Amino acid sequence: MRIDLPGGAYELREPVTWPRPDGPAVSRVVYAAAHVVADPLGDNTPGSPAAVDWDATLRFRRHLWSHGLRVADAMDTAQRNMGLDWAATRELIRRSADEARAFGDPAELVACGAGTDHAPGADDLKAITAAYTEQIETVQAAGAGVIVMASRQLARVAAGPEDYHQVYGELLGLADRPVVLHWLGEMFDPQLAGYWGSRDVAAATEAFLELIHAHAPKVDGVKVSLLDEEHEIGLRAALPEGVRLYTGDDFNYPSLIRSGSHALLGIFDAIAPAAAAALRALDAAEAAEAASDDAGRDRMLARYDEILAPTVALSRKIFETPTYNYKTGIVFLAWLNGHQDAFAMVNGAQSARSLVHLSEVFRLADRAGLLADQELAVRRMQALLAVNGL
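Residues numbered from 1 in each chain as written. Predicted model: local features only at pLDDT ≥ 70, side-chain atom pairs only at ≥ 80, totals over all residues. Heavy atoms only, no water.

**Quick notes on the nonpolar core**
Point 1. Ranked by internal contacts, the top residues of the largest apolar core, which has 126 residues, are Leu-181, Tyr-195, Phe-268 and Phe-362.
Point 2. By residue number, the principal contributor to this core is helix α11 (residues 272-290), which donates nine residues.
Point 3. If sequence neighbours within four positions are ignored, Phe-362 has contacts with Ile-3, Leu-5, Tyr-10, Leu-12, Phe-332, Leu-336, Leu-371, Ala-377, Val-378 and Met-381.
Point 4. Within the second largest apolar cluster, 10 residues are counted, among which are Val-29, Tyr-31, Ala-33 and Met-75. (Core = buried A, V, L, I, M, F, W, Y, C linked by side-chain atoms within 4.5 Å. Buried < 20%, exposed > 50% of the residue type's maximum accessible area, 1.4 Å probe, protein only. Helix = DSSP H or I, 4+ residues; strand = E, 2+ residues; numbered from the N terminus. Contact = heavy atoms within 4.5 Å.)

Structure follows, in structure tokens:
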């Protein structure tokens with residue numbers, strides 16, 4: 001099958017059928033950060049309240065659970081701070097947790113972001129803590145796990161590490177079960193520069209670790225999105241026993257997961273079938289190692305690498321600078337794969353990437369075996385090209 005794309009004709013590969021697993025991976029705890037599906041008939045022009053297609057949004061979460069992945073919801077992949085307002089976020093948290101009950105314990109299957117984005121005017125630590133508290137209580141009331149997101153308001157107001165420690169210390173005291181702390185780098189949100197009290201990453205890391213060690217029983221894990229493999233490995237080694245490192249590195253995830261990180265990744269929204277297959281290979285490799293079967297371990301690690309290697313080029317394209325526009329590529333692939341009827345996003349964010357960029361995402365997704373129905377994907381890609389005069 002061929003398609004004419006900007007830059008020339010492209011011949012699609014042989015299609016790949018990914019098996020569905022019979023349960024979650026056992027070697028790692030893995031979350032896919034999930035996007036929301038915009039209502040194509042709603043007013044999702046920039047600055048308007050989010051109009052969400054709830055049926056398609058929940059159907060996509062079922063797709064992720066069916067591949068044995070947990071769902072990280074109401075986070076930056078769902079366009080927090082980039083169009084998903086608090087009214088829609090509240091509804092998303094409630095609906096996602098309710099939907100999870102058909103699969104198991106929502107506290108295990110879905111974790112939701114709690115932040116301060118509904119209080120943009122919060123200008124002191126008390127107001128910021130109150131804003132965080134409201135969102136944490138909303139997530140806990142829904143029955144989901146809590147991910148404490150980085151706060152633009154706190155980044156603006158905090159004078160140093162001690163202010164972060166004060167706010168987070170109070171929040172951790174409210175948690176009814178261990179939470180995930182999220183360190184989102186400025187490449188994902190420039191307004192979070194200097195988080196944890198310093199623009200120097202080493203100093204910020206020291207402050208972050210001090211907080212975690214002081215409250216380790218209340219911390220399930222930390223989700224780090226700095227796109228720095230060496231830093232993540234060092235941080236992982238410095239965590240208290242029992243606190244997980246959830247990689248958020250959408251550039252280096254195969255090696256980081258292989259070496260011991262768990263995962264909470266936006267790219268897993270787009271590559272869920274391949275990610276699930278790779279994780280089963282990793283499970284088998286670690287089982288073989290435990291049985292002193294070196295040949296079996298090496299064979300399954302090679303399979304893990306083989307599956308994920310072509311997804312890295314795709315991920316690096318989707319997350320290229322400006323990184324925060326990665327959501328457009330994520331939603332584009334969901335549309336190509338039939339998970340939603342329209343290439344539409346809240347806040348009009350489908351316009352955040354060029355046609356040339358999206359054409360390369362199409363090529364790379366096919367090379368990774370991630371166009372589930374190639375005929376559908378080609379028809380939709382051709383329609384997009386035609387709308388743009390090609």
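**So, the pairing of strand β4 (residues 70-73)**
Point 1. Inspection of the sheet shows strand β3 (residues 30-33) paired to β4 by three bridges, in the parallel sense. What sits directly across from Ala-33, in β4, is Ala-72.
Point 2. Between β3 and its parallel partner β4, the chain crosses via helix α1 (residues 54-66), and the hand of that crossover is right-handed.
Point 3. Where β4 lies against strand β5 (residues 110-114), three bridges are found, and the strand directions are parallel. (Pairing = 2+ DSSP bridges. Right-handed = clockwise from strand over helix to strand, strands pointing away.)

**A closer look at the packing of helix α12 (residues 294-318) against helix α14 (residues 355-367)**
Point 1. At a closest axis distance of 8 Å, the pairing of α12 and α14 adopts a crossing angle of 165 degrees. Judged by the angle between their axes, α12 and α14 are roughly antiparallel. Handedness of the α12/α14 crossing: left-handed. Contact with α12, carried on its side by Pro-310, Ala-313, Leu-314, Lys-317 and Ile-318, involves His-357, Glu-360, Val-361, Leu-364, Ala-365 and Arg-367 of α14 and no other residues of that element.
Point 2. Of the residues in the contact of α12 with α14, the class split is seven nonpolar, one polar and three charged. (Axes fitted to C-alpha atoms, helices over the stretch in contact; angles between N-to-C directions. Parallel < 35°, antiparallel > 145°, perpendicular 65-115°, else oblique. Left-handed = near helix turned anticlockwise from the far one by under 90°. Nonpolar A, V, L, I, M, F, W, Y, C, P; charged D, E, K, R; others polar.)

**Regarding the pairing of strand β2 (residues 8-11)**
Point 1. Across four bridges, strand β1 (residues 2-5) lies against β2 in antiparallel orientation. Note that in β2 the partner of Asp-4 across the bridge is Ala-9.
Point 2. Between β1 and β2, which pair antiparallel one after the other, the connecting turn spans two residues, and Gly-7 there sits at a positive phi close to 100 degrees.

All quantities given are derived from atomic positions and should not be read as evidence of function.
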